[in-house]
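Next come the chains, spelled out residue by residue.
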Amino acid sequence: SGTDQILQVYWGTEHGLKTLKMPTCILFNQKQQFRKFGYDDVMKYKSLPPSEADNWYFFQNFNMKLYNTTKVTSGMELKASNGKMLPALMVFSESLHYLREHALNTIQDASFQTVCNQEEISWVITIPAIWSAAARQFVRLAAREAGLASDMISEKLIIALEREVASLWCKQL
């Protein structure tokens, strides 16, 4: 319709960058609490003194662990850059929660603070075609934990293959 808009978000502008994609990085503090994501995460982690950084949990390119892991389970753990471990479900769900909140804030800002009914939103998460069915199920579970879906079979959550979404997008151009 005539009211459809595409809002392009650029990442890293507060750090002198302007990119369409942010790094897949997440940072948790010593108490295993989410602190930063993307460029903010990288900058914060790099600014920590080495003695303090050893107590934090910095994960980079963690999304591909779902491909490189032979058995994906809800109880698996991921290794941070300093060798410390955290539950993979926590890492993924906190990442999706951050992106959810960012999207909702962007929608609210773009609509001049109009209240957005979250029940009207359908979330689409794209994943590589090379991921296993277990990895896809894991992403669905993380999305539920992040508040993107109320249950595992929600029609408001779509897990789609990256190449298929790219193809549909190109048809719209």
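If you're wondering where the values come from, they're calculated on a predicted model, not measured in any experiment.

**Describing the confidence of the model for the chain**
Then, in step 1: When pLDDT is averaged along the chain, the result is 88, and 95% of the positions lie at 70 or above.
Then, in step 2: Within the chain, no element has a lower average pLDDT than helix H3 (residues 65–68), which sits at 88, and none a higher one than strand E5 (residues 85–87), at 97.

**Examining the packing of helix H4 (residues 88–110) against helix H5 (residues 133–145)**
Then, in step 1: Following both chains from N to C, one finds H4 and H5 inclined at 60 degrees, their axes separated by 8 Å at the closest point. Relative to H5, the element H4 is oriented oblique. Remark: the crossing between H4 and H5 carries right-handed chirality. Taken together, the residues of H5 that come into contact with H4 (itself represented by Ala88, Leu89, Phe92, Ser93 and Leu96) are Phe138, Val139, Leu141, Ala142, Ala143 and Glu145.

**Examining H5**
Then, in step 1: Under the 1.5 Å per step criterion, the end-to-end length of H5 is 19 Å for 13 residues, consistent within 8% with the ideal 18 Å.
Then, in step 2: The complete set of buried residues in H5 reads Ala135, Phe138, Val139, Arg140, Leu141, Ala142 and Ala143.
Then, in step 3: Tucked into the core, H5 has its buried residues touching H3, H4, strand E6 (123–127) and strand E7 (157–161).
Then, in step 4: Looking one or two residues beyond H5, the residue adopting positive phi is Gly147, at roughly 90 degrees.

**Quick notes on the packing of aromatic side chains**
Then, in step 1: Throughout the structure, instances matching the rule amount to seven aromatic pairs.
Then, in step 2: With centroids separated by 6.2 Å and ring planes inclined at 85 degrees, the aromatic side chains of Phe28 and Phe59 adopt a geometry described as edge-to-face. Residue Phe28 is found in strand E1 (residues 25–28), and its partner Phe59 is found in strand E3 (residues 57–60); the two are separated by 31 residues along the sequence.
Then, in step 3: Of the residues examined, Phe59 reaches a relative accessible area of 2% and is grouped as buried.
Then, in step 4: Between Tyr45 and Phe58 the ring centres are 4.4 Å apart and the planes differ by 5 degrees, which places this aromatic pair in the stacked class.

**As for the side chain of Ser95**
Then, in step 1: Here Ser95 is to be found in helix H4.
Then, in step 2: Judged by its relative accessible area of 4%, Ser95 falls in the buried class.

**Some remarks on the sheet that holds E1**
Then, in step 1: Strands sit in the order E2-E1-E3 across an open sheet of three strands; the sheet is antiparallel. Edge positions in the open sheet fall to strand E2 (34–37) and E3, since each of these has one partner strand only. Mean inter-strand twist for the sheet, computed between neighbouring axes without regard to direction, equals 15 degrees.
Then, in step 2: In the packing of H4 onto the sheet, the strands contacted are E1, E2 and E3, and the crossing angle to E1 comes to about 105 degrees.

**Focus: the environment of Gly12**
Then, in step 1: With respect to the helices and strands, the residue Gly12 is situated in the segment before E1.
Then, in step 2: Taking the C-alpha atoms as reference points, Gly12 and Asp41, 29 residues apart in sequence, are found 11 Å from one another.

**Re the nonpolar core**
Then, in step 1: If you look at the biggest cluster of nonpolar residues, it comprises 37 residues, and the most contacted ones within it are Phe59, Phe62, Leu66, Leu78, Val91 and Ile125.
Then, in step 2: Of all the elements in the fold, those that place two or more residues in this core are E1, E3, H4, E6, H5 and E7.
Then, in step 3: Contacts of Leu66, omitting those with residues within four sequence positions, involve Val72, Met76, Phe92, Trp131, Ala135, Phe138 and Val139.

**Some points on the pairing of E1**
Remark: a regular strand shows side chains that alternate across the two faces of the sheet.
Then, in step 1: Neither face of E1 is open: one carries Cys25 and Leu27, the other Ile26 and Phe28, and all of them are buried.
Then, in step 2: Where E1 meets E3, four bridges bridge the pair, whose relative direction is antiparallel. Residue pairing across strands places Ile26 opposite Phe59, the latter belonging to E3.
Then, in step 3: Bridge analysis of E1 against E2 gives three bridges, and the strand direction is antiparallel. The residue bridging Leu27 from the neighbouring strand is Lys36, located in E2.
Then, in step 4: What sits between E1 and E2 in their antiparallel hairpin is a turn of five residues, with Gln32 showing a positive phi close to 65 degrees.

Reading the values: rules and limits
- Residues numbered from 1 in each chain as written.
- Predicted model: local features only at pLDDT ≥ 70, side-chain atom pairs only at ≥ 80, totals over all residues.
- Heavy atoms only, no water.
- pLDDT = per-residue confidence, 0-100.
- Helix = DSSP H or I, 4+ residues; strand = E, 2+ residues; numbered from the N terminus.
- Axes fitted to C-alpha atoms, helices over the stretch in contact; angles between N-to-C directions.
- Parallel < 35°, antiparallel > 145°, perpendicular 65-115°, else oblique.
- Left-handed = near helix turned anticlockwise from the far one by under 90°.
- Contact = heavy atoms within 4.5 Å.
- Expected span 1.5 Å × (residues − 1).
- Buried < 20%, exposed > 50% of the residue type's maximum accessible area, 1.4 Å probe, protein only.
- Phe/Tyr/Trp six-rings, centres within 6.5 Å; stacked < 30°, edge-to-face > 60°.
- Pairing = 2+ DSSP bridges.
- Core = buried A, V, L, I, M, F, W, Y, C linked by side-chain atoms within 4.5 Å.

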